[in-house]
Amino acid sequence: MSTTLTDQDRPELQKAIEEMVDSGFTGVTLRVHDERGEWVGSAGVRKLGESIKPPTSGHVRIGSNTKTFTATVVLQLVAEGKIGLDAPVADYLPEFGMDRRITVRMLLQHTSGVFNFTGEYYDDGTFAPGIPATTAGQEWVDNRFKTYLPEDLVRLALSKPARFEPGTDWSYANTNYVLARLLIEKVSGRSVAEEMQRLILGPLGLSGTVAPTTQSEIPEPHPHAYYRYEDADRQTTVDVTHQNPSWISSGGDMISTTQDLHTFISALVGGKLLPAPLLAEMCTPHPKVGYGLGVFVQGTDCGGTVITHNGGMAGHAALMYSTPDGSKTLTAALNYVDDAALSMGEAFQKATQRLVKEVFCGGQAGPADAAEPAQ
């Protein structure tokens, strides 16, 4: 087991997360594994109104990091011969009447063109809303324990015009990963949670990671997540740590810890979960945005590459970065006050760039780009 370092050993890391708290985050937990060993630290508070720091072993909703887990399961089923990566999705899920040009690969890479059921932002600045849960504000708060069926999310998305012809462009859509979930369940005959346990969580011993589907609870210990909205011209802040994540489904419903995210990403890039050819496919980026199959492949200004996915989920967020060989990883758990305007978005971007710069470039240069916290 690697040596665990303290904030005295890595004052620059402690300073970075304390500055994140100063920028508006309620709390931050950071875990770094590199040639100097393991460093873990936290800053801010676990809960508004308290002085206790977030637990370094705390559970958070990891948002779109879920996509990396889901893509890995699909590729593991490809390796088992149960799914064809370039087969039409309609062959497996004929009940949706999908365009036969849409392949499994297009789902994982966001090149299918299907409408994003959480709402679609167009290049001209217009926004097409999706399910009511994601119009945000008080409506989301009041309905946060409602159950949405994944089939209904898909049907809503497929009732809208496609964003582009299959395979001709790239656009991030949570719908792709709900279809991936239904695909997993169809070919395996088991729930996505059971397949996740069989293929990833069990083999890697990820005891802090949960695929909750409809459960609103989150394991202890955990920092608290908050949501702020306008109510009769007054701002109201609600604790939304407990919520039914079926509104996002396998686009972002999972719960994990910084330790489990480190174990997962280092095992994934280290070849412990996928055969080498499929791992190479996963880490081959689309030219438009550098998205592979469930991961972003980003260059750093100091000449390196990181394999990453980040995610935000109504007051919780998680970061997951690794060098391509798994020798250096950065994982983080964030808690904050979310709102309909995503007002923490800019702070999130700056914070991730700062952390990547500190960990992967020795503080000398920032990354070329940063992944959006996808809800």
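Above this text is the structure in question.
Residues numbered from 1 in each chain as written. Predicted model: local features only at pLDDT ≥ 70, side-chain atom pairs only at ≥ 80, totals over all residues. Heavy atoms only, no water.

1. Digging into the nonpolar core
For step 1, the next point in the chain: Core analysis: the largest hydrophobic core is formed by 77 residues, its most contacted members being Phe69, Leu108, Ile200 and Met282.
For step 2, the next point in the chain: Excluding anything up to four places from it in sequence, Phe69 contacts Ile62, Met196, Ile200, Leu201, Leu206, Thr209, Met254, Leu261 and Phe264.
For step 3, the next point in the chain: Counting residues in each nonpolar core, the second largest holds 26 residues, with Met20, Val306, Ala317 and Phe348 among its members. (Core = buried A, V, L, I, M, F, W, Y, C linked by side-chain atoms within 4.5 Å. Buried < 20%, exposed > 50% of the residue type's maximum accessible area, 1.4 Å probe, protein only. Contact = heavy atoms within 4.5 Å.)

2. What to know about the packing of aromatic side chains
For step 1, the next point in the chain: Under the definition given, this model contains 10 aromatic pairs.
For step 2, the next point in the chain: A centroid spacing of 5.9 Å and a plane angle of 50° characterise the contact between Trp170 and Tyr291, whose relative ring orientation is tilted. Note that Trp170 is positioned in the loop between α6 (150–158) and α7 (174–188) and Tyr291 in the loop between α10 (276–282) and β10 (296–299), a separation of 121 residues in sequence.
For step 3, the next point in the chain: Among the residues examined, Trp170 registers a relative accessible area of 13% and is labelled buried.
For step 4, the next point in the chain: Taken together, the aromatic side chains of Trp170, Tyr172, Tyr291 and Phe296 make up a single cluster linked through ring pairs. (Phe/Tyr/Trp six-rings, centres within 6.5 Å; stacked < 30°, edge-to-face > 60°. Helix = DSSP H or I, 4+ residues; strand = E, 2+ residues; numbered from the N terminus.)

3. Some points on the packing of helix α2 (residues 66–79) against helix α9 (residues 258–269)
For step 1, the next point in the chain: In contact at an axis separation of 12 Å, α2 and α9 are set at 40° when each is read in the N-to-C sense. With respect to their mutual orientation, α2 and α9 come out oblique. Judged by the twist between their axes, the crossing of α2 over α9 is left-handed. Facing Thr68, Phe69 and Thr72 of α2, the residues of α9 in contact are Leu261, Phe264 and Leu268.
For step 2, the next point in the chain: Each residue belonging to the contact of α2 with α9 can be placed in one class, and the counts come to four nonpolar, two polar and no charged. (Axes fitted to C-alpha atoms, helices over the stretch in contact; angles between N-to-C directions. Parallel < 35°, antiparallel > 145°, perpendicular 65-115°, else oblique. Left-handed = near helix turned anticlockwise from the far one by under 90°. Nonpolar A, V, L, I, M, F, W, Y, C, P; charged D, E, K, R; others polar.)

4. Re α7
For step 1, the next point in the chain: Here α7 contains 15 residues, and its C-alpha end-to-end distance of 22 Å stays within 8% of the 21 Å for a straight helix at 1.5 Å per residue.
For step 2, the next point in the chain: The buried fraction of α7 amounts to 12 of the 15 residues, a majority that puts the element mostly inside the structure.
For step 3, the next point in the chain: Every buried residue belonging to α7 is among Asn174, Thr175, Asn176, Tyr177, Val178, Leu179, Ala180, Arg181, Leu182, Leu183, Ile184 and Ser188, and all of these are buried.
For step 4, the next point in the chain: On its buried side, α7 packs onto α2, α3 (89–92), α4 (104–109), α6 and α8 (192–204).
For step 5, the next point in the chain: Downstream of α7 by a residue or two, Gly189 has a phi angle that is positive, lying close to 75°. (Expected span 1.5 Å × (residues − 1).)

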